[in-house]
Every structure is written in C-alpha cells, then in structure tokens.
Amino acid sequence: MKELRKQEMLFLLYRIFLVYIFFQLARLLFWWYNRELVKVDSFSDYLNLSYHGLQFDTTAILYVNGLFIVLSILPLTINSSKRFQKFLFWLYFISNGIALAMNFGDFIYFKFSQARLTTTAVQVAKNETNISKVFWVSFLQHPSVVIIYILMMIIWVWCYRKFKITEEKPKKLFPYFTLSFLYLCVVVILSIGGIRGDFQHSTRPVNLVDANRYVKNPTQANLVLNSVFSFFRTMNTNNFQEVHFVDEKFIQENIHPYKLYTDNNPEPKPNIVIFILESFGKEYSGAFNKNTTIKNFVSYTPFVDSLAQHSLIWTNAFANGRQSIHGMSSVLAGIPSLTDAFTSSPFSNQKIQSIVSITNEMGYDTSFYHGAPNGSMGFLGFGNILGFKHYYGKTEYNNDTDYDGIWGIWDEPFFQYFAKNLAQTKQPFMTTLFSVSSHHPFKVPEKYKGKFRKGPLEIHEPIGYTDYSLKKFFETARKMPWYSNTIFVLVADHTNQIGYAEYEKAMNRFAIPVLFYSPNPAYKLQGEITETTQQMDIYPTLADLIGYHKKIRSWGRSVVSPEQGVPIVVNSDSVMENFIIGKYIYRFDGKNVIGVFDKKDLNMEKNILNPKNPEIERGILLCKAWYQDYMYRVINRKLQ
C-alpha cells in the first residue's frame, strides 16, 4: 500500500544511516591527524571509544537533521515527487556538509586548542580581522584535509543517489495521514531521547563531561565527542552558577582568598616588565627540562636558557587556561578559566583587583603592548577592565613594513619598539608585552630563514625567533637607565605543538616556563622552584616583591614568601576542572570529584578515588571549597 509509505521510511533510515557512517569516518580521521595527542592503546580500545561516541553522534545528527527528518515524514502527499526529493537532497547535504566541515576543522584546530570545537572559538574570532587569512594558510599547510573532505562528500552524494524514491501518490488519505502522524510521534519520542542521551527523567541531558565516563585518560574524551555536539552543547550555556559545599569559615581558613605580604619594602619601587609569550611551552626550553628524563632533549631557546642561569625559574609551573586571553587574566589578575572562560562570560565586565590596579594605586605608570591589530584577542577590552593607562598595538606602531601579514608586527622590531618606548616612560612603571610571532602558521621573517634551529615541529623555528627577539630586547634594555631596577617576568600564555611523549600527558598539556629576573641583586631572584606553581602565582609574587602592604584578592600565592599556604593549582581542559593539591590530581565536574590520581600520574590513567584516605578526603573538600569561592566571587562581582 502506498499509504504505508514503506519506501519513504526505508530511504529515510538509509540516509540517516549514511550520516552515522560519515561521522564515524570523521572520527577515525580526527584520531589519525591527532594520534600523537589522543593516545589509543589498541584497535579494540578505538572500537570501544567509537562505539560510545555513537551516543554523542546521535545527538549531533538529530540537531543537524531534525528539519530533514520532519519534512521527510510530514504527510504532504508530494513527499515522493522529484521536485520535493530534490529539495530534501539540498537540505540534507547543505546541513550535513557544514557538520562534516566542522568535524574536519578540528583535525587542525585541535592541535592548537587541544579541545573540541566549542562556541568559545566564536568568541575568540569576534576579536580578529584575519580569520580568512588564517583559514587560507591552514588550507595551504594541510591540503589533504580539504582533499579528503571533497572526496568524502562526493562518495556521500553517490551513496545517497544510488537508491531513488519512486514517485507515489496516496489514494486513501485517511490511512496515509494516520500512519504519517504515528510515524511522526515515534520519531519525536526517539529524537527527544536521542538529543538528551537517554529516556531517564532523572538524568540531565548528555553533556561534554559525560564523554569521560568511557575513557582511560581525559584526552580520549575528545575522540568520543564530535565537533558538532561540542559546539551545539556549548551554545547559550552558563556554567557560572553558585554552589554551596562548605561554610565561609572553612574557605577563609583553607582557601585564603585574600593574602597579605609585609616583608618587603623596596625603595625606590622596582619597575615591572612582563612578557607573556605566545605558545612558549615548557618543552621547548632546556633550562626548564634539566630535571626531566627525556632522552636526547633539544632546546630551541638558547637565550632564555642563558638568562635562566641568573634568574629564579619555576620548573614545575602550569597554565591556568588554554587560550591567549585566558593567559592574560591568569597572569595579571589571578583569574583562571574553567569549563567556561571567565573572559568571555557575562561577568568579565566588573572591577577587578590585579597587578595593574595595585600598581596604579602605588603611582606606577601602566601599559600594555601587543603587536596585533588593536582589539585582537580581546586584549584591548580586557586591558581597559584591568585599568591599563596606555595601550600600544599595531596602530600605535604605525609601520606595516614590519607586519607579518596575518597576526601582527614581527616580534623583533616590536620588542625594540617596546624597549625604546620604556625609555620615555615615567618610573616606576608596570608594563606587559604579549608576543605574536610564535603562532600558527609558524613563520619567521624572510631575512631569518635558516638562522634558527628547525626541529620536528613547525613551531620550533619561530620559538627560536622569539627567543632571539628577547635577546635583542635585553641588549637594548641594558643600556637604559630604567633597566637596573626592574623585575622581568617571562611566562607562556599556554602550550602548543607537542614533540615529546612526556608532554603528551594530560596535565603536561599545561606545562609552561616561568622566569623572574632582575639585575638588582636586592630582590634575590635566583635559583629554582621545583614545587608546583601556576600563572596565578605571578600576581601575588609581584605584589610581595614591590612591597604592596594591603590585602590582595588572589587564589595564587607569593612563591617568595615564607607564608605561602597550601598551593592549589587549577585549570580546565574545557570538559572538567583539574586541581593539583598535595600529592594528588583531582578531576572535578562542578558537583563532584570523579577522579583522583597520583601527582606523578600526569596522564591520569589510574583512578584511585576509592578507597579514600584522609588526605584525599580533605583534597576533595578543598576542590569544592575553592570552586565555591570562585563562583561566588565571579557571579557576585567580588573580584576586588
């Protein structure tokens, strides 16, 4: 009977089945392109992960194909006509073509973000004018991704067209409409369960966190997920919600959200120069790997290595975020980015105490330098929130002959501009420079081709160039009167490409160098700190060194103070929060700690959550207390 619509329903199932096939092929290719970052032990492990990925694929497929499914079932009596089927064909391939492109984009994007595509990428892109250039360069550097995408779409179209619906018009409308309504009801019910992840009323809809239920280590969650799911699930989300786990007294006594340092009182007050170095991961520098056991380690930072011999270096430091803007908030204001980035949240526009605000209060001249077009990365806006008195970008530099064509002014000339500008700046000053050149597409100026060591990673050569730019900066700065009483800080914003297995481990994806140097011996900035530290410790350490004798709001601590308290290192892989407290690493989902790992288990492979010992019990409580205080202060605008 034509009224049963048998062939239409079979073809609908076949077409949706094709979507599942190509989502799985995209998953396999995602793993292939990122197999060094997402380790899979065996073929059976891969099959297990891809099987659990079906749950997340189902949600994504229903998001993308919802309209197509409904229009295929609606009793329009023309469903099987050539014209209507042609319309469905274009609807199907436009929507699924975009979805497949999102998955393919992560073959490249994941290498830099180390997280699946989310709406955070849109927030970052809003501040950039060079997205088309970045896309074009990425295409030229990875042509195989585009070629495979085109081939897959051709194959997909061929599979779709291999079977065609024969045009049939129903003669008996009552059974036609009745059965169509029943089909539609069944599809709606199944779709609700598919989008939620199950049919249990007691559970919330499946989310990014749920991918961790099926993995041996956190990085594998990215293989279970797909880019469409992670993007849609982070649209209009707000993970900033107040929680209550402990009383306020426990927070004050154990988290210590306010610090007071009174031991130092230098006169005259030292200048502060902070270099936040783009993608300058710990694994690129020899000085920060002298305690590792990496065989045949190669350093790409000869100048930083030499400066480290006369500096206080933190060799076990971690970033508090995954992107450049996260680095800015963590380093300057001691505010990390958790599952949702603070800097792209509705709560970022508030008065914030930071190294900028306290130095303004102390009479410092404060400035921020970034060689990119003004406003790039959101630095100009957030810099205004922090209270920088001056901003110097590509506009102020005003010489496009030194423009790299994509991101901004090459590091060497911009660093020289920075040094010479400081000669005209009133002392004491606090200034920050955010570098540009050690960024994808990983190029160096034409005149320096062949000068710097080329390693197995594309980033190695521009890391060498930025290191050289630092060397030339210090050569210029040493000749200036402000130099002798200045504290210099070098820190990475986040990590990037990975060459050594040691840095493929989940926590080491956040491993960064931190260096404090001053030609003034009075600050005693020499030696090595091997205990766990983080970007958030920079602000309180500087407040301590310059003699700010009032309370500061900080979740970090001064590493030069004898009253340091218990270090609590925090970051997020965009799915869950990570805490390092004492001897353990804790994985926290916003409500519960779901994993505890030995501090040496940087890949978080052996969960020792149960049975709990007293130290783990206390660590879990500290995680919850810290998270509670963070949410309270961010939401209630108490970051002063």
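Remember, it's a predicted structure, so these values are computed and weren't measured experimentally. (Residues numbered from 1 in each chain as written. Predicted model: local features only at pLDDT ≥ 70, side-chain atom pairs only at ≥ 80, totals over all residues. Heavy atoms only, no water.)

This part covers empty space enclosed by the protein. This model, assessed by the stated rule, comprises eight cavities of 30 Å³ or more. Size it by volume and the largest cavity reaches roughly 250 Å³. Going through the elements one at a time, α3 (82-113) and α8 (221-224) are the ones with two or more residues in the lining of the largest cavity. Residue classes in the lining of the largest cavity are distributed as seven nonpolar, nine polar and four charged. (1 Å grid on protein atoms, 1.4 Å probe; cavity = no way out; pocket = protein on both sides within 12 Å on 5 of 7 lines; lining within 4 Å. Points joined across faces, edges and corners; volume = space filled by probe spheres on them. Helix = DSSP H or I, 4+ residues; strand = E, 2+ residues; numbered from the N terminus. Nonpolar A, V, L, I, M, F, W, Y, C, P; charged D, E, K, R; others polar.)

Here the focus is the packing of helix α16 (residues 411-422) against helix α17 (residues 460-477). It is the contact of α16 with α17, at a shortest axis distance of 9 Å, that shows an interaxial angle of 25°. By the criterion of interaxial angle, the relationship of α16 to α17 is roughly parallel. Here the hand of the crossing between α16 and α17 comes out right-handed. Across the interface between the two elements, D411, E412, P413, F415, Q416, F418 and A419 from α16 touch Y465, T466, Y468, S469, L470, K472, F473 and T476 from α17. Considering only residue class, the contact of α16 with α17 consists of eight nonpolar, four polar and three charged. (Axes fitted to C-alpha atoms, helices over the stretch in contact; angles between N-to-C directions. Parallel < 35°, antiparallel > 145°, perpendicular 65-115°, else oblique. Left-handed = near helix turned anticlockwise from the far one by under 90°. Contact = heavy atoms within 4.5 Å.)

Moving on, we get to the sheet that holds strand β13 (residues 577-581). One open sheet holds the four strands; their spatial order is β12-β13-β14-β15, and the pairing between them is antiparallel. Every interior strand has two partners, whereas the edge strands, β12 (568-572) and β15 (593-598), have only one. For this sheet, the mean angle separating the axes of adjacent strands, direction not counted, is 20°. As defined by bridge partners, β12 adjoins β13 across five bridges and the pair is classed as antiparallel. Bridge pairing in β13 links V570 to F579. Against the sheet, helix α19 (residues 614-635) engages β12, β13, β14 (584-588) and β15, with an angle of about 50° to β14. (Pairing = 2+ DSSP bridges.)

This part covers the packing of aromatic side chains. Per the stated rule, a full pass over the model turns up 65 aromatic pairs. Here the aromatic rings of F56 and F229 are separated by 5.1 Å at their centres, their planes lie at 85°, and the arrangement is edge-to-face. Within this pair, whereas F56 is found in helix α2 (residues 43-73), its partner F229 is found in helix α9 (residues 227-233), the two being separated by 173 residues in sequence. Judged by relative accessible area, F56 falls into the buried class, the value being 0%. Sitting over the ring of W32, R35 keeps its end group 3.8 Å from the ring centre. In this arrangement the basic side chain of K162 is found over the ring face of F163, its NZ or CZ atom lying 6.0 Å from the centre. (Phe/Tyr/Trp six-rings, centres within 6.5 Å; stacked < 30°, edge-to-face > 60°. Buried < 20%, exposed > 50% of the residue type's maximum accessible area, 1.4 Å probe, protein only. Lys NZ or Arg CZ within 6 Å of the ring centre and 35° of its normal.)

Okay, the pattern of salt bridges next. Scanning the entire structure with this criterion turns up 15 salt bridges. Between E504 and K39 there is a salt bridge, and its shortest N-O distance comes to 3.3 Å. One end of the pair, E504, is in the loop between β7 (486-492) and β8 (511-517); the other, K39, is in the loop between α1 (6-33) and α2, with 465 residues separating them in the sequence. A salt bridge links K550 to E361; its shortest N-O distance comes to 2.6 Å. With a gap of 189 residues between them, K550 in the loop between α18 (538-545) and β11 (552-553) and E361 in helix α13 (residues 355-361) connect regions that are remote in the sequence. E361 gets classed as partly exposed once you look at its relative accessible area, which sits at 45%. Through salt bridges with shared partners, a single ionic network connects E36, K39 and E504. (Salt bridge = Lys/Arg side-chain N within 4 Å of Asp/Glu carboxyl O.)

Here we come to the pairing of strand β2 (residues 271-277). Burial of β2 is extensive: seven of the seven residues sit out of reach of the surface. The alternating pattern of β2 places N271, V273, F275 and L277 on one face and I272, I274 and I276 on the opposite face, and all of these are buried. Pairing between β2 and β7: seven bridges, direction parallel. Counterpart to I274 in the pairing with β7 is V489. Bridge analysis of β2 against strand β6 (residues 429-434) gives five bridges, and the strand direction is parallel. Residue pairing in the sheet places I276 in a bridge with F434 of β6.

So, about a nonpolar patch on the surface. On the surface, F17, I21, L25 and L28 cluster together into a nonpolar patch covering about 330 Å² of accessible area. Summarising the element assignment, F17 is placed in helix α1. In this structure F17 comes out as partly exposed when scored by relative accessible area, which is 49%. (Patch = residues over 30% accessible without salt bridge, like charges linked within 9 Å, V, L, I, M, F, W, Y side chains within 5 Å. Areas by Shrake-Rupley, 256 points an atom, 1.4 Å probe, with all protein chains shown as cover.)

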